[in-house]
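So you can see what is in the structure, the chains are spelled out below.
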Amino acid sequence: MESTPVEAGDSHQGPHSEASLSANFIQGIRLAFFLRPAVDRNQAPKASWSTLVALVFLSVAIPFLGDFVQVGPKGSFSAGALPGVLFGVPVMMVGAWALARLAGRVGHTLMLLIAMMSLAIAIDVVILVAQLIVHANSARLGSVGSYLTYMFNGLATIWFALAATLAAVRLLGAPKRKWLPAFFAIGLLVNLPLGIDRYRTLWSAPYDEEVAASYQRRRAAVANEDVFYLQPKLLRQQLAALKPGKRGVIDLYFIGVAAYAGQDVFMKEVHSVKRLFDERFGTTGHSVMLINNPTTVSESPIASSTSLGLALKRVAEVMDRDEDILFLFITSHGSKEHGASFDFSPMQLKPLDPGRLKELLDRSGIKRRVVVVSSCYSGTFVDVLKGPETLVISASAPDKTSFGCSNGADFTYFGKAYFDEALRETYSFSEAFEIARPVIAEREHEASLGSSDPRMFVGEGIKAALREFVSLRQSAVKRVQTPSAAHSFPKGH
């Protein structure tokens with residue numbers, strides 16, 4: 001049985017406009033949550049131009065409030081954003097007219113437009129509250145906060161399309177055969193235009209000259225002519241400083257790659273891990289760092305797939321490939337499609353996907369490999385890189401994000417648990433993973449985050465070499481800690 005359409009009218013003005021606005025707002029909440037509209041004449045909201053004008057003001061006030069809460073009172077009003085915010089009004093007007101015409105009820109266009117704007121405002125309020133909660137916890141959420149904001153915007157688009165379609169067919173009494181065309185009409189005439197990128201920030205943060213100057217310095221760092229010509233020299237110096245290992249002893253060679261220049265946490269993480277490996281795993285003279293960060297462009301070679309390939313080639317030349325082990329650590333952002341992000345704006349660096357990394361490793365000729373990739377979706381590297389002579393660890397599953405890459409942090413969640421904590425307790429790279437995994441899960445749970453689900457694969461061939469290496473490191477530490485017999489006992493009696 002089809003619902004009876006709500007009659008539209010233009011006569012409900014003056015003292016009734018307030019009551020009409022509240023009734024339409026309540027109706028909008030019902031429609032947004034897919035409930036049937038009020039059709040009883042005593043309960044149904046009245047359609048009027050005054051109500052429409054009030055809804056337009058509300059559609060501006062809600063995003064303004066959201067911007068104000070996030071920026072604070074020291075911001076300023078951005079009048080230039082008004083066209084972007086108000087763009088939805090004519091778009092919805094066209095959509096309402098098209099739907100009313102589709103149902104053969106053009107005279108109900110105003111009623112449907114008011115219903116669509118009311119339910120859109122209800123959805124906007126829900127999404128705004130969710131975004132404000134994310135903003136309040138941005139320090140704890142790190143990069144996942146941006147991901148959640150993006151997800152909320154996508155959810156709002158789908159939500160509106162479904163709710164507006166259902167509202168239209170119910171309010172207009174459209175026959176079922178027109179439900180699908182109505183959905184496509186909403187998508188094409190409303191959702192698609194509203195998806196156009198436009199400036200919509202009504203309350204902007206005050207201009208900060210220091211922040212702006214810092215941003216310009218970061219962008220200009222790698223574009224500096226001196227830095228441009230210095231880069232090949234820095235890479236040659238680091239690679240030339242690599243020393244051969246001792247014959248008959250398993251030596252560890254370390255390559256640390258901080259691939260994303262936009263946040264300092266990756267640079268800090270590689271510096272910390274390099275110090276840890278030099279002190280604890282004997283990699284002094286066997287270490288290379290490739291770093292994308294404005295503060296280190298005059299000290300460290302930048303990270304790219306090209307520089308990584310050259311570093312791998314040089315390590316392979318210096319090491320004993322039949323006994324020594326490479327430990328490659330890459331930390332960055334990541335995506336399902338492209339692997340680990342290599343980014344240093346304004347340079348255009350190619351991302352490092354698992355296939356490309358495997359190609360670089362195979363081409364170098366390095367046999368024994370420990371590869372740790374710390375980024376979102378880094379589990380994609382595990383299946384591609386696994387082999388009998390490889391131990392490969394990822395900070396997340398192929399379909400999961402990792403956490404903790406905020407600009408002020410010294411480590412990501414994975415880096416803190418695996419390198420800074422677990423590898424200070426054990427010399428075993430696989431055992432450290434087993435120690436770190438529950439610690440990461442607990443921290444994610446405490447922060448109300450999803451599970452990153454780190455992954456590990458250990459090839460059968462590398463197990464014996466790693467056991468021998470662990471034994472050598474433990475023996476070396478005991479020799480340092482245990483006094484020699486000559487110092488332990490007095491000579492004679």
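So, here is what we can say about the structure in this document.

What to know about the packing of aromatic side chains
Phase 1: A complete count under the given rule lists 25 aromatic pairs for this structure.
Phase 2: Grouping aromatic residues by their ring pairs yields a cluster made of F254, F277, F281, F327, F329, F414, Y418, F419, Y427, F429 and F469.
Phase 3: A cation over a ring is seen here: R280 above Y427, with NZ or CZ 4.0 Å from the ring centre.
Phase 4: Its guanidinium or amino end placed over the ring of F457, K386 lies 5.7 Å from that ring's centre, counting from NZ or CZ.

Some words on the packing of helix α2 (residues 49–71) against helix α5 (residues 109–136)
For any two helices packed against each other, the geometry is given by the interaxial angle and the distance between the axes.
Phase 1: Relative to each other, α2 and α5 sit at 10 degrees, their axes nearing to 10 Å. One finds that α2 runs roughly parallel with respect to α5. Each of W49, T51, L52, L55, V56, L58, S59, I62, G66, V69 and Q70 in α2 lies in contact with α5, whose residues at this interface are L110, L113, I114, M117, S118, I121, D124, V125, L128, L132 and H135.
Phase 2: Split into classes, the residues belonging to the contact of α2 with α5 amount to 15 nonpolar, six polar and one charged.

Remarks on the sheet that holds strand β4 (residues 287–291)
Phase 1: Spatially, the six strands line up as an open sheet ordered β4-β3-β5-β8-β9-β10, and their pairing is mixed. A strand with exactly one partner marks an edge of an open sheet, and here the two such strands are β4 and β10 (455–458). Strand-to-strand twist in this sheet, taken as the mean axis angle between neighbours without regard to direction, amounts to 10 degrees.
Phase 2: Here strand β8 (residues 369–374) pairs with strand β9 (residues 390–394) via five bridges, running parallel. Bridge pairing links R369 to T390 in β9.
Phase 3: Against the sheet, helix α12 (residues 305–318) makes contact with β3 (252–258), β4 and β5 (325–331), and its axis sits at roughly 175 degrees relative to β3, the strand it touches most.
Phase 4: In this fold helix α15 (residues 413–421) packs onto β5, β8 and β9, with an angle of close to 145 degrees to the strand it touches most, β8.

Considerations on a nonpolar patch on the surface
Phase 1: A cluster of nonpolar side chains, F34, I158, L162, L180, F183 and F184, forms an exposed patch at the surface whose accessible area comes to about 590 Å².
Phase 2: For the nonpolar patch, the secondary structure elements donating two or more residues are α7 (144–171) and α8 (179–194).
Phase 3: By residue number, the principal contributor to the nonpolar patch is α8, which donates three residues.
Phase 4: For L180, the location among the structural elements is in helix α8.

So, the nonpolar core
Phase 1: Judged by nonpolar contacts, the single largest core of 45 residues is most densely connected at M116 and F160.
Phase 2: Listed by contribution, the elements that provide at least two residues to this core are α1 (17–32), α2, α4 (88–102), α5, α7 and α8.
Phase 3: Residue contributions to this core peak at 16 residues, all from α5.
Phase 4: Discounting residues that sit within four places of it in the chain, F160 has contacts with M92, M116, L119, A120, I123, I186, V190 and N191.
Phase 5: Ranked by size, the runner-up nonpolar core spans 42 residues in total, among them V273, L276, F433 and A436.

So, α8
Phase 1: Here α8 contains 16 residues, and its C-alpha end-to-end distance of 21 Å stays within 8% of the 22 Å for a straight helix at 1.5 Å per residue.
Phase 2: Among all positions of α8, only A182, A185, I186, V190 and N191 are buried.

Quick notes on unusual backbone geometry
Phase 1: Residue P346 is bonded to the preceding S345 through a cis peptide linkage, with omega at 10 degrees.
Phase 2: Here P346 lies in the loop between β7 (339–340) and α13 (354–364).

Considerations on the packing of α12 against α13
Phase 1: Interhelical geometry of α12 versus α13 gives an angle of 25 degrees and a closest axis separation of 8 Å. Overall, the two elements α12 and α13 adopt an arrangement that is roughly parallel. Crossing hand, α12 versus α13: right-handed. Between α12 and α13, the contacting residues are S305, L308, G309, L312, K313 and A316 on the first element and R356, L357, L360, L361 and S364 on the second.
Phase 2: Looking at the contact of α12 with α13 residue by residue, the classes come out as six nonpolar, three polar and two charged.

Things to note about the side chain of S332
Phase 1: Along the chain, S332 falls in the loop between β5 and β6 (334–335).
Phase 2: On the basis of relative accessible area, S332 is assigned to the buried category, the value being 4%.
Phase 3: Only 2.5 Å separates the side chain of S332 from the backbone oxygen of S341, close enough to count as a polar contact.
Phase 4: Those residues in contact with S332 that lie beyond four places of it in its chain are A259, Y260, F266, S341, S374 and S375.

Calculation rules
- Residues numbered from 1 in each chain as written.
- Predicted model: local features only at pLDDT ≥ 70, side-chain atom pairs only at ≥ 80, totals over all residues.
- Heavy atoms only, no water.
- Phe/Tyr/Trp six-rings, centres within 6.5 Å; stacked < 30°, edge-to-face > 60°.
- Lys NZ or Arg CZ within 6 Å of the ring centre and 35° of its normal.
- Axes fitted to C-alpha atoms, helices over the stretch in contact; angles between N-to-C directions.
- Helix = DSSP H or I, 4+ residues; strand = E, 2+ residues; numbered from the N terminus.
- Parallel < 35°, antiparallel > 145°, perpendicular 65-115°, else oblique.
- Contact = heavy atoms within 4.5 Å.
- Nonpolar A, V, L, I, M, F, W, Y, C, P; charged D, E, K, R; others polar.
- Pairing = 2+ DSSP bridges.
- Patch = residues over 30% accessible without salt bridge, like charges linked within 9 Å, V, L, I, M, F, W, Y side chains within 5 Å.
- Areas by Shrake-Rupley, 256 points an atom, 1.4 Å probe, with all protein chains shown as cover.
- Salt bridge = Lys/Arg side-chain N within 4 Å of Asp/Glu carboxyl O.
- Core = buried A, V, L, I, M, F, W, Y, C linked by side-chain atoms within 4.5 Å.
- Buried < 20%, exposed > 50% of the residue type's maximum accessible area, 1.4 Å probe, protein only.
- Expected span 1.5 Å × (residues − 1).
- Left-handed = near helix turned anticlockwise from the far one by under 90°.
- Polar contact = N/O pair within 3.5 Å; in protein donor to acceptor, adjacent residues only side chain to side chain.

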